[in-house]
Amino acid sequence: MINKPHIKKVVCIGAGYVGGPTMAVMAEKCKGIEIKIVDLNKNKIDLWNSKDLTKLPVFEPGLSSIIKKVRGKNLFFSTDVKGAIAQADIIFISVNTPTKTYGYGAGFASDLKWVESCARTIANNANGQTIVVEKSTVPVRTAQVIKTILESNKDTNSNKSFAILSNPEFLAEGTAINDLFNPDRVLIGGEDTFAIEELSWIYEHWVDKDRIIKTNLWSSELSKLAANAFLAQRISSINAIGAICESTGADVREVKLAIGSDQRIGNKFLEAGPGFGGSCFKKDILNMVYLSKYFGLQEVSNYWEQVLILNDWQRKRISKLVVENLFGNINNKKIGILGFAFKANTNDTRESSAIDISRELMAEGAQIVIHDPQVSEEQISNDLNNHLDKTYEDKLASNGLWWTSKDYSEIFTNSDAVIILTEWEDYKNLNWTVFAKLMRKPAWIFDSRSVVDPDLINNLGIKLWRIGDGTINK
Ligand code: UDX
Ligand code: UDX
């Protein structure tokens, strides 16, 4: 059991969407603790250290002002992973754990190669008593893997000892800073009571003690997967209801209000949309599917897999209905896409529905022009298979013509359709009267995020499809 004075030095491995904001808030709230965020990616560390705060690799409202206050005081960014580990009292592992693309469990299980390599680096470089915290969302029983590696690699004569904790992060992108300042709960799983109390002590700098839940390791790991599975399931449920609304004349926004007023259901997380994206939902449900199958629980596995099947279907349904409404033909038609991030207020595009929908439309021959306030053209290029490198002629020949624009006039001019895929605030305030005139008639707006005022669009002589709205265009 670990037993020493309070933590003074914190290290976080992984300067990504989770590690960056989490440690920034911890630094802001724990002035007496020194925090180092380390990452193998030098380019990313340089961006975190850049003077120009608009260049931070993670766009998150409120983040840059915190970085400005704590960077260089008690928060440091570095590529010296080993050096940082050698001095740490506590190490958070916050590296990515994407779905495996190869070998056993390909397409379902999480790839733990980076978690494993972190464990090995920690085993070799840590000194004295070190608390190792699993922050990345991982499959159940990963802590055991980390523990086995740490224990089998430590030199029997050394004074090294480790305690392993699970402390999953529940922040959502776009609201990360608020979620971190005011978490619904903090979850700490583990066996070593001193280590649990130390981690709890860090959070108690700003979180009420009664919001800190302490469980065993496995409950903590499973709770993160379960929370994400429940949340994703709500979205597939409301999207399924939305499709029924469109066929019957009901309106999903009215249904949402009616069912969400039941306190047992609650009114949050009930927005019908183009399907969920983000780094966690799909990956974590695939993990549940894999885990259940592994333990012989085929029905449980099928149950959760259906949440993903519905999500894929929702994306395909949207691209298909765009094509159908444009007379079954979008070859060489110009289509504007408003929003590429998987949700508003982030520059993250991982698993964004916009990727699949754009690809489907390009496969039908459309020329698409994409607008997003925060996502870079380079990122879109990566997501759409590097079409950026190709010449205009090559793109045309491969039926994959896309480009980006920050100019709304360019998005609307001569477009047959504009599709809203992310609920950015800017899109709510567009001057539709001006932009509608620029479109080629008959023109369509496809609003998958309930952003536009339907009366306004109809009065402009533009055709409107709105998610889950069976009351229009019937
Ligand atoms: C998230 C969550 O942490 C995790 O719960 C979820 O399972 C997957 O994604 P996130 O912070 O969003 O992680 O990932 P990302 O933005 O990709 O950041 C991970 C960072 O770890 C990257 O900057 C990567 O360079 C770094 N890394 C990865 C290392 O420093 N060392 C490694 O060995 C592997
Ligand atoms: C999620 C969990 O919310 C968070 O607790 C966990 O730590 C990581 O995974 P994140 O993926 O960042 O967070 O964003 P979230 O707000 O959950 O949105 C996920 C996706 O669901 C987005 O594509 C979003 O647009 C979609 N969504 C969300 C809906 O379509 N409707 C809703 O009502 C809510």
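Below or above, wherever it landed, is the structure these notes cover.

1. Topic: the overall build of the protein chain
Each helix and strand in the protein chain was counted, giving 19 helices and 14 strands. Computed over its C-alpha atoms, the radius of gyration of the protein chain comes to 24 Å, within 12% of the 23 Å expected for a compact globule of 474 residues. Projected onto the principal axes, the alpha-carbon positions of the protein chain cover approximately 80 × 50 × 45 Å. For the protein chain, buried positions account for 53% of its 474 residues. Within the protein chain, contacts between residues separated by at least 24 positions form 75% of all contacts whose residues are at least 6 apart in sequence. Put simply, the protein chain shows about 21,200 Å² of open surface, and 51% of that area lies on carbon and sulfur atoms. Of the side-chain charges in the protein chain, 56 are positive and 57 negative, and the distance between the mean point of each set is 2 Å.

2. Observations concerning the site of ligand 1
Near ligand 1, the surroundings consist of 20 residues, among which Asp39, Lys44, Thr137, Lys283 and Arg350 are the closest. Within the contact set of ligand 1, an oxygen atom lies 3.1 Å away from a backbone nitrogen or oxygen of Leu40. Arg350 has a polar side-chain atom sitting 2.8 Å from an oxygen atom of ligand 1. The fraction of the free accessible surface of ligand 1 (690 Å²) that becomes covered by protein chains is 91%. When the residues that make up the shell around ligand 1 are grouped by side-chain class, the tally is six nonpolar, ten polar and four charged.

3. Side note on the site of ligand 2
Residues in close proximity to ligand 2 total 19 residues, the closest being Phe170, Glu173, Phe342, Lys343 and Arg449. Within the backbone of Leu270, one N or O atom sits 3.3 Å away from an oxygen atom of ligand 2. At 2.9 Å from an oxygen atom of ligand 2 is found a main-chain nitrogen or oxygen belonging to Gly277. Coverage of ligand 2 by the protein chains reaches 91% of its 660 Å² of free accessible surface. Per-element tally for the shell around ligand 2: the top contributor is helix 9 (residues 217–248), with four residues. In terms of residue class, the shell around ligand 2 is made up of eleven nonpolar, two polar and six charged.

4. Concerning a nonpolar patch on the surface
Together, Tyr294, Phe295, Leu297 and Val300 make up an exposed nonpolar region whose accessible area comes to about 440 Å². Along the polypeptide, Tyr294 turns up in helix 11 (residues 281–294). You can call Tyr294 exposed: its relative accessible area is 63%.

What counts as what
- Residues numbered from 1 in each chain as written.
- Chains lettered and ligands numbered in written order.
- Predicted model: local features only at pLDDT ≥ 70, side-chain atom pairs only at ≥ 80, totals over all residues.
- Heavy atoms only, no water.
- Helix = DSSP H or I, 4+ residues; strand = E, 2+ residues; numbered from the N terminus.
- Rg over C-alpha atoms; globule rule 2.2 N^0.38 Å.
- Buried < 20%, exposed > 50% of the residue type's maximum accessible area, 1.4 Å probe, protein only.
- Contact = heavy atoms within 4.5 Å.
- Areas by Shrake-Rupley, 256 points an atom, 1.4 Å probe, with all protein chains shown as cover.
- Lys, Arg positive; Asp, Glu negative; His and termini not counted.
- Charge placed at Lys NZ, Arg CZ, Asp CG, Glu CD.
- Near = heavy atom within 4 Å.
- Polar contact = N/O pair within 3.5 Å; in protein donor to acceptor, adjacent residues only side chain to side chain.
- Nonpolar A, V, L, I, M, F, W, Y, C, P; charged D, E, K, R; others polar.
- Patch = residues over 30% accessible without salt bridge, like charges linked within 9 Å, V, L, I, M, F, W, Y side chains within 5 Å.
- Salt bridge = Lys/Arg side-chain N within 4 Å of Asp/Glu carboxyl O.

By themselves, these figures tell us nothing about what the structure is for.
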